[in-house]
Amino acid sequence: MRFMLMTTDNGSADQKQDESMFVEMGKFIEEMSKAGVLLATGGLEPGGTRIVSSGGKVTVTDGPFAEAKETVVGFALIEVRSREEAIELSKRFWAIVGDGEGVIQQVFGPGDPVPGN
Amino acid sequence: MHASIDAVWRLEAARIIAGLARMVHDIGLAEELAQDALVAALEQWPESGVPDNPGAWLMAVGKRRAIDRLRRRQRLEHRLEEIGRDLETRPAPEPDVPDDDHIEDDVLRLVFTACHPVLSTQARVALTLRMLGGLTTGEIARAFLTSESTVAQRIVRAKRTLTDAGVPFEVPEGPDRAARLSSVLEVIYLIFNEGYTATAGSDWVRTDLCQDALRLGRILAELAPGEPEVHGLVALMEIQASRTRARIGPSGEPVPLPEQDRGLWDRLLIHRGFAALLRAKALGEPLGPYVLQAAIAASHAQARTAEDTDWTQIASLYEVLASVAPSPVVDLNRAVAVGRAHGPARGLELVDTLVDEPSLRGYHLLPSVRGDLLARLGRTAEARAEFERAAELTHNEPERRALLDRAAALG
């Protein structure tokens, strides 16, 4: 089963991002690779470009955006045997990062039934 | 709670067993001690909650049990000495305490020990899934469609065999290493293939088993990054796994590679497979059998449509493979590639040299390939007979139906 672990940012909290955290994070990523579970990971630019499609019209707006809206700032795509395993890995991640919020969602991969079938 | 303990176990089992094996020099005993620690967790965590560092907790409990065990043995040996009936005085081994810095070396030792050639292939598979994959005997039994007691017995016997043979807990070096490594790779690929083309049963593919094998391969690639064949095997499995969704039809029947909807291939796994293949090739020549098979799989993955397949390249890769790792199955695959690259007559020539091959007797793919080549040559009646024979030989239900359909389609 594949899961996307995402960290979100609603713009309110001061994310502490000191050097030691990056070192710890590097170690964690290495550990996930060594456990054979990490498929891909990355950080996302804050803000980004927003795109809205409405009534056949597509509107593109570049950030930064005034209103604080929850956005994804980082992700890890993992392949594990159960949701609990994804949760366990996520706990280890937050033990390093400290306060914050995230979301865990299953990604339907090659072995999973297509949703709706 | 039970499910989160399972999750911790799956992530930590190999490291804990490996660390304890370093202390007690016996992977069977190490596994029992680790199981004791797991039982303690199942008793205590529902009350106390999962500790912050569950792996360290389990390891600490395991270590304590190991030290108890070693002390008891020391006392026993001491007593035996006193009675004067001591037949074999062995100084109790100094407990070599596992630590984080060496744990990966210990896990690699565990891999090589669990896949030791002194064990039967089945035993190696069971031990590997149990100790490195963290699977329960029940899960292994379900994966291989056998009973839990059979698997449990197999594991008990395997542990005893390792102890009796005095198999040391170490990573082999020197001339032994290559053969021992191929024993490890064989086990992982066998697990993968059991999932990829289930040899028996009603499902043609068991994805969980493929993913277990892939995970073991990815772990091994990090533990032994200097071994090109490890990356070759990982590349091969990643690329084969990328086709999972495309190779099963709506009613569970297998869809052959040329007919697969390539849009269903998983690009991420293909990309990972290419990356692993590059890692393998960067380590230099000569190319081993897994690297070559991965190169063949990569060549298929690069073709946008079945018609774009570079069969000439694939046929020549098979030719190299046949010289590096000669086997009738490789020859059969080579015949398929040659049949595509240089025409069915040339392919049939090669297949016909294999029809008396004893190891292919009863192998359904031989008549299936021969049937395909004959059909393309317009020799319909012979082709139909071959497909029917192939259908008789396969033990896999969906595949049998697919073969009978091909026979029927020939009119």
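All figures in this text were calculated on a predicted structure; none of them were measured in a lab. (Residues numbered from 1 in each chain as written. Chains lettered and ligands numbered in written order. Predicted model: local features only at pLDDT ≥ 70, side-chain atom pairs only at ≥ 80, totals over all residues.)

Q: Could you clarify how one ought to interpret the overall build of chain A in this entry?
A: Of regular secondary structure, chain A possesses 2 helices and 6 strands. Its helices and strands taken in sequence order, chain A reads β-α-β-β-β-β-α-β from the N to the C terminus. Taking the contacts inside chain A whose residues are at least 6 apart along the sequence as the reference set, 76% of them involve residues at least 24 apart. (Helix = DSSP H or I, 4+ residues; strand = E, 2+ residues; numbered from the N terminus. Contact = placed C-beta atoms within 7 Å.)

Q: What exactly am I supposed to notice about the overall build of chain B here?
A: Across its full length, chain B holds 18 helices and 0 strands. Projected onto its principal axes, the C-alpha coordinates of chain B cover approximately 85 × 45 × 40 Å. Counting contacts in chain B only where the partners sit at least 6 residues apart, residues at least 24 apart contribute 61% of the total.

Q: Explain the sheet that holds strand β5 (residues 71–79) of chain A here, please?
A: Pairing between the strands of a sheet is mediated by backbone hydrogen bonds and can be parallel or antiparallel. Residue and element names in this part refer to chain A. Judged by pairing direction, the sheet is antiparallel, and its 4 strands sit side by side in the order β2-β5-β1-β6 without closing on themselves. The open sheet has two edge strands with one neighbour each: β2 (38–43) and β6 (101–107). Looking at each pair of strands side by side, their axes are set apart by 20° on average, direction ignored. (Pairing = 2+ DSSP bridges. Axes fitted to C-alpha atoms, helices over the stretch in contact; angles between N-to-C directions.)

Q: Any chance you could explain the pairing of strand β3 (residues 49–54) of chain A here in plain terms?
A: Side-chain positions along a regular strand alternate between the two faces of the sheet. Residue and element names in this part refer to chain A. Of all the 6 residues making up β3, 0 are buried; the element is thus mostly uncovered. Across 6 bridges, β3 lies against strand β4 (residues 57–62) in antiparallel orientation. If you follow V52 over to β4, its bridge partner there is T59. (Buried ≥ 20, exposed ≤ 12 C-beta atoms within 10 Å, placed from the backbone.)

Q: Where do I start with the environment of P64(A) in this structure?
A: Residue and element names in this part refer to chain A. Relative to the helices and strands, P64 is located in the loop between β4 and β5. Since 8 C-beta atoms lie within 10 Å of it, P64 is described here as exposed. Spatially, the C-alpha atoms of P64 and I29 are 29 Å apart, while their sequence positions differ by 35 residues.

Q: Quick question: what am I supposed to make of the environment of M1(B) here?
A: Residue and element names in this part refer to chain B. If you trace the backbone, M1 turns up in the segment before α1 (2–24). Note on M1: 12 C-beta atoms within 10 Å, which makes it exposed. Residues M1 and G49, spaced 48 residues apart in sequence, show a C-alpha to C-alpha distance of 8.6 Å. What M1 contacts, discounting residues up to four positions off in sequence, is W45 and P46.

Q: I would appreciate a short explanation of the environment of A66(B) in the present structure.
A: Residue and element names in this part refer to chain B. Mapped onto the elements, A66 comes out in helix α3 (residues 54–83). The exposure class of A66 is buried, given the 26 C-beta atoms found within 10 Å. C-alpha separation for the pair A66 and L317, spaced 251 residues apart in sequence, amounts to 51 Å.

Q: Mind showing me how you'd approach the packing of helix α10 (residues 228–241) of chain B against helix α11 (residues 267–282) of chain B here?
A: When two helices pack together, their arrangement is given by the angle between the helix axes and by the axis-to-axis distance. Residue and element names in this part refer to chain B. Contact pair α10 / α11: the axes reach a minimum separation of 8 Å and the direction vectors enclose 165°. Judged by the angle between their axes, α10 and α11 are roughly antiparallel. For the pair α10 and α11, the crossing hand works out as left-handed. Residues P228, H231, G232, V234, A235, E238, I239 and A241 of α10 form the contact with α11, whose own contacting residues are L269, I270, R272, G273, A276, L277, R279 and A280. Among the residues making up the contact of α10 with α11, the classes are represented as 10 nonpolar, 3 polar and 3 charged. (Parallel < 35°, antiparallel > 145°, perpendicular 65-115°, else oblique. Left-handed = near helix turned anticlockwise from the far one by under 90°. Nonpolar A, V, L, I, M, F, W, Y, C, P; charged D, E, K, R; others polar.)

Q: Whenever I open this one, the interface of chain A and chain B confuses me. Can you help?
A: The interface of chain A with chain B comprises 17 residues on the first partner and 22 residues on the second. Counting residues per element, the side of chain A that touches chain B draws most heavily on helix α2 (residues 83–97) of chain A, at 4 residues.

Q: Please clarify how unusual backbone geometry should be interpreted in this entry.
A: Trans peptide bonds make up the majority, and among non-glycine residues the majority have a negative phi. All names here are of chain B. For the bond running from E285 to P286, omega is -10°, close enough to zero to count as cis. Residue position: P286 is located in the loop between α11 and α12 (289–302). A positive phi angle is found at H25, which is not glycine, with a value near 60°. Mapped onto the fold, H25 is located in the loop between α1 and α2 (27–48). H25 gets classed as partly exposed once you count the C-beta atoms within 10 Å, which come to 16. In this structure, L145 takes a positive phi of about 50° despite not being glycine. For L145, a count of 14 C-beta atoms within 10 Å gives the class partly exposed.

Q: Sorry, what's going on with the nonpolar core here?
A: Nonpolar side chains in soluble globular proteins generally cluster together in the buried interior. The biggest cluster of nonpolar side chains holds 124 residues, and the ones touching the most others in it are I78(A), I17(B), L20(B), L110(B), I188(B) and A294(B). The element contributing the most residues to this core is α1(B), with 13 residues. Ignoring any residue separated from it by four or fewer positions in sequence, one finds I78(A) in contact with R2(A), F3(A), L5(A), M32(A), V37(A), L38(A), L39(A), A86(A) and L89(A). (Core = buried A, V, L, I, M, F, W, Y, C linked by C-beta atoms within 7 Å.)

Q: When you look at helix α17 (residues 380–393) of chain B in this model, what are you seeing that I'm missing?
A: At 3.6 residues per turn, the α-helix brings residues three or four places apart onto the same side. Residues and elements named next belong to chain B. With 14 residues, α17 should cover 20 Å at 1.5 Å per step; its first-to-last C-alpha distance of 20 Å lies within 8% of that length. Taken as a whole, α17 has its buried residues at A383, E386, F387, A390 and A391. Angularly, the buried residues of α17 cover 140° about the axis, an arc narrow enough to put them on a single face. Against the buried residues of α17 lie α16 (365–376) and α18 (397–409). (Expected span 1.5 Å × (residues − 1). Arc of directions from axis to C-beta.)

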